Each structure stands twice: as structure tokens, then as C-alpha cells.
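This is what each chain is made of:
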2 protein chains.
Amino acid sequence: MPRKLAQGSFALQTPVGIREAAAVAGKKEGDGPLGESFDEIFEDTTLGAESWELAEVELQRAAVRHLLQKAEIESADLDLFFAGDLQNQCTASGYHARSLSAPMAGLYHACATMAEGVALSALLTDGGGIQTVMALASSHFCSVERQYRFPLNYGSVRPYSAQNTATAAGAALIGKAGGAPYITAVTIGRVRDMGVTDLNNMGAAMAPAAMDTILRHLSARGSKPADYDLILTGDLGRVGMELLRTLCKDAGCDVSQVINDCGLLLYDRVNQDVHAGGSGAGCSAGVLCGHLFQAFRQQRLRRVLFLSTGALLSPAMVQQGQSIPAVAHLIELSAEPEVI
Amino acid sequence: MPRKLAQGSFALQTPVGIREAAAVAGKKEGDGPLGESFDEIFEDTTLGAESWELAEVELQRAAVRHLLQKAEIESADLDLFFAGDLQNQCTASGYHARSLSAPMAGLYHACATMAEGVALSALLTDGGGIQTVMALASSHFCSVERQYRFPLNYGSVRPYSAQNTATAAGAALIGKAGGAPYITAVTIGRVRDMGVTDLNNMGAAMAPAAMDTILRHLSARGSKPADYDLILTGDLGRVGMELLRTLCKDAGCDVSQVINDCGLLLYDRVNQDVHAGGSGAGCSAGVLCGHLFQAFRQQRLRRVLFLSTGALLSPAMVQQGQSIPAVAHLIELSAEPEVI
């Protein structure tokens, strides 16, 4: 069962891990540096659906289809699943869930949803009695642009601090693991708000939350950045990543040698028009369930801190002049189970 | 640790329970039959805030303030908390969480959020290692009307099948219990959709999900409706409740002697203008954390099935002609811990 290290930080013992994972993405993500890591790439990002919202439903469906096939199970074998997305009322997840024969727990933590779902899944399966839990998150560039900013047809121009919402979905199966990556610890994030009000600079809004979670986790574990091959944040992008380096350094914790960001890995920022990098709940979900999972399976990584970072704004709150709260959840992945 | 009874249904053993609970509400709810059960009633439903969205933030803050005072703990003592609401991007919860020194896991399952949060809290605390978890949900009539239907100022008229979103918040502290109500079992809901497309008849959309969860739970437990003093659904209202009775009867399970609904208890439908009854994530949260919790403490109830029911629609999906999926999560409450 989980062992409490500090408030919100737990070491896991079963050992539990990511038993199987699958990731799917749109054309732009498929054309990027991680293109090879996706189980399926959709050149047509409508996925044959009548609206962008329904296209994202199909994106989730594809990720889960690949996951269940690879794991050789059916949705009726899941004890439960966590899912969330960025659409108002999380409709990609709710509408997709109609076709699954499994109990669903709906999550919302914006782009932090994937690590939240994996962390809760790991805590539940380590607790015992619950064996097989799926965690799922997605985003779709076109449904998000319409909802948070402007319909695509307006052709609106965005500043360079803005990020590109990934069209991607990731699904992971968490349970008693027989191989890497093991989930050796988790830290659930606290909501932080340093007063950023710019809807087009969410990296800056999220960096303080990422720092808070990283420092809490290192303190709870008694570890330091050099103990890890990689500390991978969800989607801070170029601006937020720069800020995180500075914030951590000012706090006496230099992460610069091991830090990277899913939003920076996902695209080729020189040749792809993505401004500050990738974002969206599907960004960290797709990178975790594709690239990162495979790197562990291929024994290219030993010990990693993976965070999903979420900006908890709504257009209504931003229009009311409110600042943007953020949260970051963390899972610690390891090539070896931990003996506690 | 939890013992799996069937897919998504678990018996709990620690014993865990609701250690403390608090509920707050607006004037209309305070004037209703359950008025006495609230810890605080706000005659001014702006709660002094500048917008309806921020008023709901204050509503959550009040519920948590009462909960922590009654439990004689601080937010820094929480291992983590679950919270959710109906605002786009769950902003009542996200913005309120800034003031809490506790790790947050954000939920979205519409009006099913409270039972979802309590069920997950119970599974986690029964698993061990995690001791003190808070579950929180809220809704505010005015923020919801603007977002899902029309701004109040339009004075739009609604059909009698429509329900009245409760201005209420409920917060519960879940952990190893030393008194009633104990949480003896939970069933996580599956998403159901029987094709209802009417935004003003969400009771009908949710009834099939409630039936599915009740029947699954009774089957998993090997129990029958007569084993319970009460089966209390979240917010089906008059239309949904009537439909649920019929659906269950047709499925060979007559619940009519023990069934009731938070949306029917919360208001005096003869003298208060609420059409089909109450709804909203705060409806079942407020009734659970006020009326129902107190009934157990006063030894007026022995064994209860409590469900929160959620309609997972968004205005965008309804405008696209899509039907309304729904989900219902269940917790079984008992005056005595169960020896398994």
C-alpha cells in the first residue's frame, strides 16, 4: 500500500507501473520529432467526424482501441478508468465513455489531467483490491481554439508566448507491473497562482505550480535533480520552461541539467509553426504514452520525474480580469521496482 | 483494503466513513424543507463577490471553513482533496483551491461529482497509507443559468420538466471512521445514453444511468431494495424519479418503497418555484453533507444507498444535436461498520 512521505507525496510499493500504453496524434504531431512514437497518426484531423468536438471523441476511441489491443484485454476487464479533456464539461471523455463497458471517474485538471489520472490509478492499485485502471487524456487543436480563443476561420494571430494545443490522446494501463516503467512515487499538486493574467502565456502561469510540485517531491523523497535522468514537465513551452529553470535556481535547486518539456519535444519549433511549443491535455498524455513509455521499454531511461502541468483558467474568468491558477501533478517512473 | 465484488463495485473494510461534513446554501435552499440542516445560509447569494462565478468560489470556501472548524483540523492536515463543480473548466473549484494548503485532484462528472469524490476518497483511504481526504462539490443557480441556458436578465421561461440548479456546496471528510455513517461499499458508474436530447429534461437523461448503477450495486452486494431504509438519488427531479421507478420495475426490481431524490427533498415544490425539483452538483452534495449526514449521526437511518447523478452534456454538444450521456456513482452508507 502507499506510504505517505509528506502531504500529497506517496511512495508506492506493490510494485505498480504502466503495464501498457498507447498514443495517437494528428498530422502536425505526426510530422514532428516524436512522430515515430505514435500508434496511429491521423492525416485528416476531422477523423471523419462532423465536428471538432466529435473528432476528439474519435481520437480518444483510437487511443483506447490501440491500448486494449496491445494489452490483449477488453474494456469490460477494467476495474475503472479515469478520463478528462479540455472541452467544456469534458465532453470528449463523457461522449467517448458511452462506448466502453467500464466504470468511469471523470477528471478535470486541464493539461495536468494525464499525470493526475496516472497518479490516482497508481495509488488505487497500490492500495490493493483494485487491479486494472486506465488513465486517458486528450486534446484537439481545433476544438480548443474555438472554445478558448477564436474559431479557426477567423485566422487570428497569436503572440510568440502562445503555445500550440496538441491534437493527441494518450491512454495508459496501470496495475501490478511486470516490467518498466514502474511508478515508484507520486506527488499530487497544489494550486498555485502568481498573478499571470495573459491567456496567451500559460507557460508562465504554470511554471510556479511545476516548481512547487518538483520541490515538494524532491524534499519528500530526499532526492536531488541529479538522481534522475530526466525531469519532464507537461507543457510549459519555451517561456514557461525558461521561467521554471530560473524559479528553481532561485529556490536553490538547479534542475537545468535534467529538465525538459513535452511541449518542446513534440514539435520542431524551427520548422513547424507552433510558437512557444506544444500544450493541451493530449500533449503530456501523448508523450508519456508514446515516447517516454517506449524509452523505458527500450531501457534507455532509468529514473524519471514526469509532470503534467495545467492552467485552470476559463475564458469567463479571464474576461473578468482574474489571474490564472495552475497545478502540476507528478509521477516518478523507474526502470526497477523499489524495495522499501 | 477494498474487496472487489464486481466490475466497479467494491466492499470497504477499514472501516472508513464520513468523519465530518458541512453544507452551506443560498436563500431559496435555506427557505426549503431542509433549511435547518445547513451550517450557513446566504440570504445574499452574491456572497459579496463581483460575479456569480466568484460567488460560487465563496460558497465553496464557506463549506470548507465550516468543515475544517467542525473537524478541528486545517487544510494542511488533508492528504489530498477532490473537488468539482459545473462551471466551464471547473473554475469554482480551481480558483477556490488557491487558498487551501492541500494537494488537489480535480473532478468533473457534472452533478455526479459528490458521490464520485466520496467514493474515490473511500477507496483511497481503505487502501491504506492515505488517511484524510476531503470531497467537495458545489453549484450556483446564477452561474449555471448563464452558462448552460440564458443569462438571468433575459427572464426566459422554462418548461416544467426543467429543474432548479441548487445554490449549495457540500464538503465531507473521509477517513478511518469512529462513528456513523460508515461507507461500506461503493459502485462507480458507467456512462449511459438512451438518446434524450432535451436540455430541459435532464432527469430523463439521467434515470437510465441511475438504474444501471443501482442494479449493478444490488447484484454485486447480493442485496435487495428492502435491505435499505432509503435509496437516495442525486437530482433526478420529478420526471426522472418517475422514470427511474418505471425502469427499475420493468427490470424486475421494485425500488418504489425506498426511493427518494435529493432534488425532491431540497425544495417545497408546491410553494417554491422550482418546476421538477432541484439539480446541480451542489444539490446532492448539500443534502449528503447536511441532512443525510445528520440523520446518521442522530441514528435515524441504518442503511442507505446514496447516488449522485450527472448529465454529461455541454451546450455545444446539444447545439450539435447530440444526445445527453449520463452517469451515476453510488456509496453505501451504514450505521455500523461491516465485518467482512
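Conventions adopted
Residues numbered from 1 in each chain as written. Chains lettered and ligands numbered in written order. Predicted model: local features only at pLDDT ≥ 70, side-chain atom pairs only at ≥ 80, totals over all residues. Helix = DSSP H or I, 4+ residues; strand = E, 2+ residues; numbered from the N terminus. Buried ≥ 20, exposed ≤ 12 C-beta atoms within 10 Å, placed from the backbone. Contact = placed C-beta atoms within 7 Å. Nonpolar A, V, L, I, M, F, W, Y, C, P; charged D, E, K, R; others polar. Domains from an automatic or database assignment. Expected span 1.5 Å × (residues − 1). Least-squares fit on C-alpha atoms with pLDDT ≥ 70 in both. Pairing = 2+ DSSP bridges. Right-handed = clockwise from strand over helix to strand, strands pointing away. Bend = angle between axes of the 7 residues up to and from the residue. Axes fitted to C-alpha atoms, helices over the stretch in contact; angles between N-to-C directions. Parallel < 35°, antiparallel > 145°, perpendicular 65-115°, else oblique. Left-handed = near helix turned anticlockwise from the far one by under 90°. pLDDT = per-residue confidence, 0-100.

Caption draft 1: How the structure looks around the overall build of chain A. Scanning chain A from terminus to terminus reveals ten helices and 15 strands. Each of the three principal axes of chain A carries a C-alpha extent, and together these read 55 × 50 × 35 Å. Of all 340 residues assigned to chain A, the portion counted as buried reaches 64%. For chain A, the share of sequence-separated contacts (at least 6 apart) that also reach a separation of at least 24 residues comes to 79%.

Caption draft 2: Geometry of the interface of chain A and chain B. Opposite the 52 residues of chain A that make contact, chain B presents 52 residues. At the level of elements, strand 1 (3-6), strand 5 (80-84), helix 3 (91-97), strand 6 (104-106), helix 4 (113-127) and helix 10 (315-319) of chain A are the ones that each hand at least two residues to the side of chain A that touches chain B. Sort the elements by how many residues they give to the side of chain A that touches chain B and helix 4 of chain A lands first, with five residues. Residues belonging to the side of chain A that touches chain B are distributed by class as follows: 27 nonpolar, 17 polar and eight charged.

Caption draft 3: Local environment of the domain arrangement of chain A. All names here are of chain A. For chain A, the domain assignment lists domain 1 (13-175) and domain 2 (180-334). Here domain 1 and domain 2 have C-alpha centroids that lie 18 Å from each other. The interface of domain 1 with domain 2 comprises 51 residues on the first partner and 54 residues on the second. Those elements giving two or more residues to the side of domain 1 that touches domain 2 turn out to be strand 3 (16-26), helix 1 (27-30), helix 4, strand 7 (132-139), helix 5 (141-148), strand 8 (164-165) and strand 9 (168-176). It is helix 4 that provides the largest number of residues to the side of domain 1 that touches domain 2, a total of eight residues. Taken together, the residues of the side of domain 1 that touches domain 2 sort by class into 31 nonpolar, 14 polar and six charged.

Caption draft 4: View of helix 4 (residues 113-127) of chain B. Taking 1.5 Å per residue as the helical rise, helix 4 of chain B with its 15 residues ought to reach 21 Å, and the 21 Å between its terminal C-alpha atoms agrees with that figure. One or two steps after helix 4 of chain B, the chain reaches Gly128(B), where phi turns positive at roughly 95°.

Caption draft 5: Examining the relation of the copies chain A and chain B more closely. In the superposition of chain A on chain B (RMSD 0.0 Å, axial shift 0.0 Å), the rotation amounts to 180°. When the rotation and shift are considered jointly, the pair of chain copies conforms to a two-fold rotation axis. The share of interface residues of chain A whose copies in chain B are also at the interface is 100%, consistent with both copies meeting through the same surface.

Caption draft 6: Layout of the pairing of strand 11 (residues 230-233) of chain A. All names here are of chain A. Pairing geometry for strand 11 and strand 14 (residues 303-311), over three bridges, is parallel. Note that in strand 14 the partner of Leu 232 across the bridge is Phe 306. Bridge analysis of strand 11 against strand 12 (residues 259-261) gives three bridges, and the strand direction is parallel. Within the sheet, the bridge partner assigned to Ile 231 lies in strand 12 and is Ile 259. With helix 7 (residues 237-250) bridging strand 11 and the parallel strand 12, this β-α-β connection has right-handed handedness.

Caption draft 7: Representation of helix 9 (residues 281-297) of chain B. Residues and elements named next belong to chain B. If you check helix 9, its first and last C-alpha atoms are 23 Å apart, about what 17 residues at 1.5 Å a residue would give, namely 24 Å. Within helix 9, the axis deviates most sharply at Leu 288, by approximately 35°. With 13 of 17 residues buried, helix 9 is to be regarded as a mostly interior element. Count one or two residues on from helix 9 and you reach Gln 299, which has phi positive near 55°.

Caption draft 8: The arrangement of the packing of helix 6 (residues 202-221) of chain A against helix 7 of chain A in detail. Residue and element names in this part refer to chain A. In the contact formed by helix 6 and helix 7, the axes pass within 8 Å of each other and the chain directions differ by 40°. Looking at the two axes, helix 6 sits oblique to helix 7. You can see that helix 6 and helix 7 cross each other, and the crossing is right-handed. Within the contact between the two elements, helix 6 uses Gly 203, Ala 204, Met 206, Ala 207, Pro 208, Ala 210, Met 211 and Ile 214 and helix 7 uses Gly 237, Val 239, Gly 240, Met 241, Leu 243, Leu 244, Leu 247 and Cys 248.

Caption draft 9: Representation of unusual backbone geometry within the structure. Note the cis peptide between Ala180(A) and Pro181(A), where omega equals -5°. By the element assignment, Pro181(A) lies in the loop between strand 9 and strand 10 (182-187). Across the junction of Thr14(B) and Pro15(B), the peptide omega takes the value 5°, indicating a cis bond. Mapped onto the secondary structure, Pro15(B) falls in the loop between strand 2 (9-11) and strand 3 (16-26). Backbone geometry places His275(A), a non-glycine residue, at a positive phi of 55°. Here His275(A) is to be found in the loop between helix 8 (262-265) and strand 13 (278-279). In this structure His275(A) comes out as buried when scored by C-beta crowding, with 20 C-beta atoms within 10 Å. Non-glycine residue Leu47(B) carries a positive phi angle of around 50°.

Caption draft 10: Spotlight on the packing of helix 4 of chain A against helix 9 (residues 281-297) of chain A. Residues and elements named next belong to chain A. Look at helix 4 against helix 9: their axes get within 7 Å of each other, and the N-to-C directions meet at 55°. The orientation of helix 4 with respect to helix 9, classified from their angle, is oblique. In this structure, helix 4 contributes Thr 113, Met 114 and Ala 115 to the contact, and helix 9 contributes Ala 281, Ser 284, Ala 285 and Leu 288. Per-class residue counts for the contact of helix 4 with helix 9 are five nonpolar, two polar and no charged.

Caption draft 11: Inspection of the confidence of the model for chain A at higher detail. On average, residues of chain A carry a pLDDT of 96, and 100% of them reach 70 or more. Confidence metrics for the complex model read pTM 0.98 and ipTM 0.98.

Caption draft 12: Structural view of the environment of Asp39(B). Residues and elements named next belong to chain B. Within the secondary structure layout, Asp 39 lies in the loop between helix 1 (27-30) and strand 4 (40-42). Separated by 97 residues in the primary sequence, Asp 39 and Leu 136 have C-alpha atoms spaced 15 Å apart. Setting aside chain neighbours within four positions, we find Asp 39 in contact with Ala 22, Ala 23, Val 24 and His 66.

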